Each structure stands twice: as structure tokens, then as C-alpha cells.
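# Residue-level structural notes
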Amino acid sequence: MPELPEVETTVRGLATVLEGQVIARVQVNRPDLRRPFPPGLVQALTGARVTGLSRRAKYGLIHVDRGQTMVFHLGMSGRWRIDPDGIGKHDHLVIETGKGQVLALNDARRFGSVDLLDTDALDVWPQFAALGPEPLGPGLTPAHLAAAFEGRFAAIKLLLLDQRVVAGLGNIYVCEALHRAAIHPERKAGKVSLAALGRLVPEVRAVLEEAILAGGSTLRDYVRPDGELGYFAKDWRVYGREGEACGCGRPVERIAQGGRSTFFCGHCQK
DNA sequence: CACGATACCTGTAAGC
DNA sequence: TGCTTACAGGTATCGT
């Protein structure tokens, strides 16, 4: 489910419910996700007022008025449910606002995480300090990629998934961006021309921005009537389309890289 | 250090 | 129907 656009959509949806509200109740239903829930999480959040929400890479941030921020990562299967019809299986963290609205962090595989940090120390949090530039920010340039890829022999697809190179890309949007930029996913990163990187950067931005827009329109202001967040119609050009015709007519191919599926067109991508 | 493999955990879909 | 297998949008860690 969650790459950068889905996290962004989720954060915007959560903001409609949480922004400016007091957190009246916090319930933790198991000790951990990928890591233990932070000690004191319930106490820190209960009674606090949410001052704002934001996103960094694939992390969602909920800022409260006590100088702290709850940082969540959705892993592979995480999602927030708004006003769910009862607390269900895998609703590991439940938050209720002063207005009585309920938010449930649901994560079947529990690859996600929740952390509690001082807001003014977010930048030096090791997980954030290690991240590369935001793909939608000014830091992602062809020159940045060229520098990051210099001398590297790993496949470009794999390096684009490395959050230290660019922060927020995942398997779907890397496949899509490489296809749109006509770059073969197995090309050694250090050997991709600056011209090709010049095509790639705007395509990375475009796939992400289009996905965020689709999320907004599909979800109607980022929240579906059933309370689900982050899901929207997918119209990928290659992802999940093995054997189907690429725009050029040739079948989309599927290979494994780093143990994960890569979809591409061997005719369009060189 | 760069890089590939593996582990984490559960659900779902496909194959037999 | 039931059982087994492959695979899933992410990341940390381990060995070479």
C-alpha cells in the first residue's frame, strides 16, 4: 500500500480529523509493531492538542503542543482507518479525539513503526538524518543523482529504492518512473548518462504528483466514505502488468531484482 | 564500503 | 473443498 503518495494522502486525510483537536484517548493493543511502541506514548499523547501534521519520506508526523511528534511508518500493510465500524483485527493503536472521532492504525504484517520524538530534534533523529532529499523538493536534481550514482555498479532500480539516495520512492513508482524515462532498470547506476537522469527527475516528480492528485480526487478530500485512507485507482503503465502490452505493443516483462519484482518494457527502456 | 541475501509477519491468490 | 506455494506497496541487518 504505502509509498510516498499514499503516505501523503493518508497524512492529509488524518489532518482533516486531527488538526487542532485534543487527543482524548489513546489505546495500544499490543506491545510492538516492527519495534516496541515508545514507552510513555499513551501518557504523552493523552490530553495533548494536535498542532499539525506533515510527512517526511514515507513517514507521517503528528505534531502535538507539548513539543513532541508522533512519527509513524506504515511498512507494507499499514493503514489508518477513520471512524471504523468497531475495533478490528490488527488495529494496534487507537486514538480518539475530543470530538469523539476514532482513528485506528491497522497493520497486519506489522512492518510499520511508531516513534515519539522531540519536535525540535527530528532532523537529528538517525532515521531522518540518513534520508536523501525529498523527491518533490528542490534537492532531487540530475546532478544529485549523478553524484549518488558515481562509481556505483548496482542496478539503477535498486539504488532508486535506497532511501539514502532519494527518500520516498518505492517499488511501484520506481518501475513507473524508469519506464516513463525510458531507462532500463538493470542499467548500472553509474553508467546512466546525465541526459537520461535529466529525463528521470521530472518523471519521478510526475508519477508521484499524479498519484497524490489521484488520491485526492478518488478519495474525495483524502477520506473515503468508509473511512479508508490512502487507496486510490491505480493506472500503472507497467507495474503489475506482466504480459500485457506496453504502449509500444510489446509485452511488459517481469524480473526479480533484490528479491522484488521489477516490471519494464525491454523495447522502450534501454 | 558496496552489494546481495535474508529476516521480519500475515493475508491473499493461484496452483494442484 | 482443502492444502501448499508464491508473492505482496518496506526496511534493517548480516555475510561476502
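First, a word on what this report is: a plain description of the structure on this page. Everything numeric here is computed off the predicted structure, so don't read it as measured data.

## Remarks on the overall build of chain A
Helices and strands together make up the secondary structure of chain A, namely 7 helices and 10 strands. Against the globule reference of 18 Å for 270 residues, chain A gives a C-alpha radius of gyration of 20 Å, in line with a compact fold. Dimensions of chain A, computed from the C-alpha atoms along their principal axes, are close to 55 × 35 × 30 Å. Here chain A holds 270 residues, and 51% of them are scored as buried. Residue pairs at least 24 apart in sequence account for 65% of intrachain contacts in chain A once pairs closer than 6 positions are excluded. Accessible surface, chain A as shown: approximately 12000 Å² in total, 50% of it carbon and sulfur. Side-chain charges of chain A comprise 34 positive and 30 negative groups, with the mean position of each set lying 5 Å from the other.

## A look at the environment of Gly190
With respect to the helices and strands, the residue Gly190 is situated in the loop between helix H6 (171-180) and helix H7 (194-219). Residue classification places Gly190 among the partly exposed positions, given a relative accessible area of 40%. Measuring from C-alpha to C-alpha, the distance between Gly190 and Phe149 comes to 4.7 Å, with 41 residues separating the pair along the chain.

The rules behind the values
- Throughout, a residue's number is its position along its own chain's written sequence, starting from 1.
- The order in which chains are written sets their letters, starting at A; the order in which ligands are written sets their numbers, starting at 1.
- The predicted nature of this model means local features are confined to residues of pLDDT at least 70 and side-chain atom pairs, given and counted, to a pLDDT of 80 or more, with totals for whole chains, interfaces and linings taken over all residues.
- Just so you know, side-chain values use all the structure's heavy atoms and leave hydrogens and water out.
- Strands are runs of DSSP state E lasting at least 2 residues, helices are runs of H or I lasting at least 4, and numbering of each runs from the N terminus.
- For this measure, only C-alpha atoms enter the radius of gyration; the expected value for a globule follows 2.2 Å times N^0.38, where N is the number of residues.
- Exposure classes here rest on a 1.4 Å probe applied to the protein chains alone. A residue is buried below 20% of its type maximum, exposed above 50%, and partly exposed in between.
- Any two residues whose heavy atoms approach within 4.5 Å are treated as being in contact.
- All accessible-area figures derive from a Shrake-Rupley calculation using a 1.4 Å probe, and residue coverage is judged against the displayed protein chains alone.
- Within this scheme the basic residues Lys and Arg register as positive and the acidic residues Asp and Glu register as negative, but His and the chain ends are omitted.
- All charge positions are set by atom: Lys at NZ, Arg at CZ, Asp at CG, Glu at CD.

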